[in-house]
Amino acid sequence: MKDKIGIGFIGTGFARRTQIPGFAAAEDARLVSVSSGSAANAESTAGEFGFQHFSGDWRDTVSHADVDLVCITTPPSMHHEMASFALENGKHVLCEKPMAMNAGEASDMLELAEQKGLMAIIDHELRFLEGRMHAFKSIREGEIGKIRHIKYIWGNGMRGDKSVPWTWWSDEASGGGALGAIGSHIVDTIRWFSESEIVRVFCRLATHVKEREFEGAQREVTTDDETLMIMELSDSEFVKNATALVSASLAESGPYRNEVEIYGTEGAYKILDRGELFKVSSGSQEWERVEINETPLAKGMMDSGWSRGFTVIAEKICSALKNGETKVDFAATFADGLKIQKVLDAARESNSTGRLVETGCTFAAY
């Protein structure tokens, strides 16, 4: 049994704000290496957090002898190559969402992870918020009956401002856009709470800001900043004739919203950004606050649901690896990532064709 799990990070954006502070707070973790496409960013991140090793080449981080787990926090177009290289080199992987660019890449990654017998997790950290965990368990105890509808609203004006410059977020070839960045989390949420599959999807994607500044000129935005979806769910132990409705926008004015509502035959749950939980019984007109423990937040993180959820999952990952385990209870696996990717692929096809599309996901009991 290792005293500490060595963590290597590829990327210095989200990793610097969330993943590195999260693992720094984990009792069983040791920060070993960080790399970035910018060697200067890697060096400054290393100095900020006390890494002994940094590099402008991500392969150096993966290959470092003391790295046990590789955290991939790069644009999705790089996930397949990086995760495959890490797994081939015997390293466990925590991959940012969306898992890949398409279901073909995701299938390759899953097959390799299974062959190597290594931990392979997608960072759907919102699962670990106390409010979500409470609702998940209560649904399995029959608290709201059979799920009949799930509604998810996510809104943020972060890319509604035309002065925000062109980055990989604006580039379809890099995997940018609301569908992948936010839609992947939403699809995971719906699948996880229901323990059923999204079998059909109708999707409309919109690009409200069509050009952004890049190196002194205007450059076309090829990704969506708004995703709208209607979904049909397979029946399962907790679901009967259920649908889902999704609105995810990166261009909405007003306050940030990250809200999921789960409607059952006997009542409903509503969960907000940091896991705040509300319940309404069948026939009632008022949401009532459910008192739960607050999800912890690691030092140095901005207070959000993402940060609090990651604080928990980082600790659980290290604890599992320290005990020689490759699974983390309730975490999203590469198998989940493949199913999510199939839904995202179907959503893109639906947007292109204007019709309801089968996802190819068939229900199997978890």
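On a predicted model such as this, the values are computed, not experimentally measured, just so you know.

*Asks:* I'd love a proper account of the sheet that holds strand β4 (residues 69–72), names of residues and values included.
*Replies:* The 7 strands lie next to each other as β3-β2-β1-β4-β5-β6-β17, forming an open sheet whose pairing is mixed. Looking at which strands have only one partner, the edges of the open sheet turn out to be β3 (53–55) and β17 (332–333). As paired elements, strand β6 (residues 120–122) and β17 share 2 bridges and run antiparallel to each other. If you follow I121 over to β17, its bridge partner there is T333. Each of β2 (29–35) and β3 is contacted by helix α2 (residues 39–49), which is oriented at about 160 degrees to β2, the strand it contacts most.

*Asks:* Talk me through the pairing of β2; I want residue IDs and the actual numbers.
*Replies:* Burial within β2 is extensive, with 6 of its 7 residues counted as buried. Where strand β1 (residues 5–10) meets β2, 6 bridges bridge the pair, whose relative direction is parallel. Bridge pairing in β2 links G8 to S33. Note that the unit made of β1, helix α1 (residues 14–24) and β2 has a crossover that is right-handed.

*Asks:* Go over helix α5 (residues 103–116), please, and point to the residues and values.
*Replies:* In this model, α5 (14 residues) spans 20 Å end to end at C-alpha, consistent with the 20 Å of a helix rising 1.5 Å per residue. Listed as buried for α5 are A103, E105, A106, M109, L110, L112 and A113. Capping of α5 at its N-terminal end is provided by N102; its side-chain oxygen lies 3.1 Å from the backbone amide nitrogen of G104. Phi for G117, located one or two positions after α5, is positive at around 65 degrees.

*Asks:* Lay out the nonpolar core with the relevant residues and their values.
*Replies:* For soluble globular proteins, the rule of thumb is that nonpolar side chains tend to be buried together. The biggest cluster of nonpolar side chains holds 47 residues, and the ones touching the most others in it are I190, M231 and L233. Counting residues per element, this core draws most heavily on helix α7 (residues 178–194), at 9 residues. When neighbours within four sequence positions are excluded, I190 is seen to be in contact with I150, I198, M231, L233, A244 and V246. Core analysis: the next-biggest nonpolar cluster, separate from the first, contains 30 residues, M119, I121, F128 and I317 among them.

*Asks:* Any chance you could break down the sheet that holds strand β16 (residues 288–290) for me, citing the residues and the numbers?
*Replies:* The strand order across the open sheet built from 9 strands is β16-β15-β14-β13-β7-β12-β11-β8-β18, with neighbouring strands paired in mixed fashion. On the outer flanks of this sheet lie β16 and β18 (357–358), each paired with one strand and no other. Sheet analysis places strand β13 (residues 257–264) next to strand β14 (residues 267–271), joined by 4 bridges and oriented antiparallel. Looking at the pairing, Y263 lines up with A268 of β14. Packed on one face of the sheet, helix α9 (residues 334–353) meets β8 (198–206), β11 (226–233) and β18 and runs near 55 degrees to β8.

Rules used in this analysis
- Residues numbered from 1 in each chain as written.
- Predicted model: local features only at pLDDT ≥ 70, side-chain atom pairs only at ≥ 80, totals over all residues.
- Heavy atoms only, no water.
- Pairing = 2+ DSSP bridges.
- Helix = DSSP H or I, 4+ residues; strand = E, 2+ residues; numbered from the N terminus.
- Contact = heavy atoms within 4.5 Å.
- Axes fitted to C-alpha atoms, helices over the stretch in contact; angles between N-to-C directions.
- Buried < 20%, exposed > 50% of the residue type's maximum accessible area, 1.4 Å probe, protein only.
- Right-handed = clockwise from strand over helix to strand, strands pointing away.
- Expected span 1.5 Å × (residues − 1).
- Polar contact = N/O pair within 3.5 Å; in protein donor to acceptor, adjacent residues only side chain to side chain.
- Core = buried A, V, L, I, M, F, W, Y, C linked by side-chain atoms within 4.5 Å.

Note that every value here comes from positions in space, so none of it alone points to a role or purpose.
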